[in-house]
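Below are the chains, spelled out letter by letter.
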Amino acid sequence: MSDLLIIFRKPPVGTSWAREALDLALVGAAFGQQASLVFMGDGVYQLLDNQQPDQVEQKGTQAMMKALPMYDIDQIFVSEESLSERGLTKDQLGFDCELIGQTELQALLKTHKQVFNF
Amino acid sequence: MILHTVNKSPATSSTLKECLFSASSGDQILLIEDGVYAATQAFSELLRDDLSYFVLQNDMAARGLNSSLISEQWQPVDYQGFVELTEKADSVCSWF
Amino acid sequence: MNYSIAIYGGPYSDQSAHSALHFARAVLKREHSIQRVFFYHDGVYNSSALVSPPQDEANVPAQWQELAKEHDIELVVCIAAAVRRGLLDEKEAKRYSKATHNLADGFTLSGLGQLIDAGMTCDRLITFGA
């Protein structure tokens, strides 16, 4: 089991939350802490393909997301309910991640002592 | 047992909904700041019956919410009570 | 118990730093210790030496300084979040060729690793989000 659970609930471009949460995941990994990431709520929008944040002079999160394997961050989960509430399916996402339901989500929170929730 | 804090009004933000969805049976919810509006009668139907519910009374008083406006599931606590809840919980998860 | 606190909101725009101050005082009153307060996201604005509120409003950085001094608490500001928002200590001001610096006394710029470390080493890490 990983040491850190980082929950992403904010969309990728309009604020710096998503980037600053990803920074925390990468720094955690640099500190030798294995991180698991959960995308839920509006955080699932971070996983959409073909984002062009440079159109609005933003960096977005896609480049950082692509760097995750280099930091050995491969436990990436997305809430099935959050996706379906937003009319999205897994095949519309640009990243390989595991669909989880409510029970798995609750178990992830329960089993991690360190949860960072953005 | 996890203590979850929520600081956003349930009428403008999905924060409380996401917290309630993620909490496990036996967890505790504490409303702070604008989260305290969730303790009013209008939102009592959102609540699950397998969690315990607390509301920070300083934030209630600051917003003119007295006990007649609060539904009965919610137990008011002060800042010392907030600290006591964090002592007893295995971990604290902040929803904002 | 040993606590640390994370603050993500700026003073005078939302309540989080004020809630955290109340909470910190209650933690100390219950005879716990506070190792570190970590300022991230807009929370870094709590560390400005130039904060000048009207007389009837609390000076938030001053209150943190006072509490930290009295109870030996580290006030750590995320360097990456701070520098891009214009909160610089003398060293960073030099590095970026700025004429002046504005990080209040008692606050230290450091890496995000200090937040990870607080989560790993303290009994409780309590976050006040914005």
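Further up the page is the structure itself.
Fair warning: this is a prediction, and the values are worked out from it, not measured in the lab.

Novice: What is the right way to look at the overall build of chain A in this model?
Specialist: Within chain A, the secondary structure is distributed over 4 helices and 5 strands. Secondary structure elements in chain A, listed N-terminal to C-terminal, are β-α-β-α-β-α-β-α-β. The principal-axis extents of the C-alpha atoms in chain A amount to approximately 40 × 30 × 20 Å. Taking all 118 residues of chain A together, the buried fraction comes to 54%. Long-range pairs, those at least 24 residues apart, make up 74% of the contacts in chain A between residues at least 6 apart in sequence. Surface exposure of chain A reaches about 5,500 Å², of which carbon and sulfur atoms provide 48%. On chain A, the mean spot of the 9 positive side-chain charges and the mean spot of the 16 negative ones are 6 Å from each other.

Novice: How do you make sense of the nonpolar core when you look at a structure like this?
Specialist: Nonpolar side chains tend to gather and get buried jointly when the protein is soluble and globular. Counting residues in hydrophobic clusters, the biggest one holds 83 residues, and the most contacted among them are A:L37, A:F118, C:F23 and C:W64. The leading source of residues in this core is helix α1 (residues 16-29) of chain C, at 8 residues. Beyond its immediate chain neighbours, meaning those up to four positions away, A:L37 contacts A:I6, A:F8, A:L22, A:A25, A:L68, A:I73, A:Q75, A:I76 and A:F77. One finds A:M40, B:V6, B:C19 and B:L31 within the second-largest nonpolar core, a separate group that totals 31 residues.

Novice: What's the story with the packing of aromatic side chains in this structure? I'm lost.
Specialist: The geometry of an aromatic ring pair is captured by the separation of the ring centres together with the interplanar angle, meaning the angle of the planes. For the structure on display, the rule yields 17 aromatic pairs over all chains. Ring plane angle 65 degrees and centroid distance 5.6 Å describe the contact between B:F96 and C:Y8, whose orientation is recorded as edge-to-face. With B:F96 in the segment after β5 (91-95) and C:Y8 in the loop between β1 (2-7) and α1, this pair bridges two chains. B:F96 sits in the buried class, given a relative accessible area of 3%. Residue class for C:Y8 comes out buried when judged on its relative accessible area of 1%. Among the aromatic residues, those joined into a cluster by ring pairs are A:W17, A:F118, B:F96, C:Y8, C:F38 and C:Y40. Above the plane of the ring of A:W17 lies A:K10, whose end atom (NZ or CZ) is 5.5 Å from the centre.

Cut-off values and rules
- Residues numbered from 1 in each chain as written.
- Chains lettered and ligands numbered in written order.
- Predicted model: local features only at pLDDT ≥ 70, side-chain atom pairs only at ≥ 80, totals over all residues.
- Heavy atoms only, no water.
- Helix = DSSP H or I, 4+ residues; strand = E, 2+ residues; numbered from the N terminus.
- Buried < 20%, exposed > 50% of the residue type's maximum accessible area, 1.4 Å probe, protein only.
- Contact = heavy atoms within 4.5 Å.
- Areas by Shrake-Rupley, 256 points an atom, 1.4 Å probe, with all protein chains shown as cover.
- Lys, Arg positive; Asp, Glu negative; His and termini not counted.
- Charge placed at Lys NZ, Arg CZ, Asp CG, Glu CD.
- Core = buried A, V, L, I, M, F, W, Y, C linked by side-chain atoms within 4.5 Å.
- Phe/Tyr/Trp six-rings, centres within 6.5 Å; stacked < 30°, edge-to-face > 60°.
- Lys NZ or Arg CZ within 6 Å of the ring centre and 35° of its normal.

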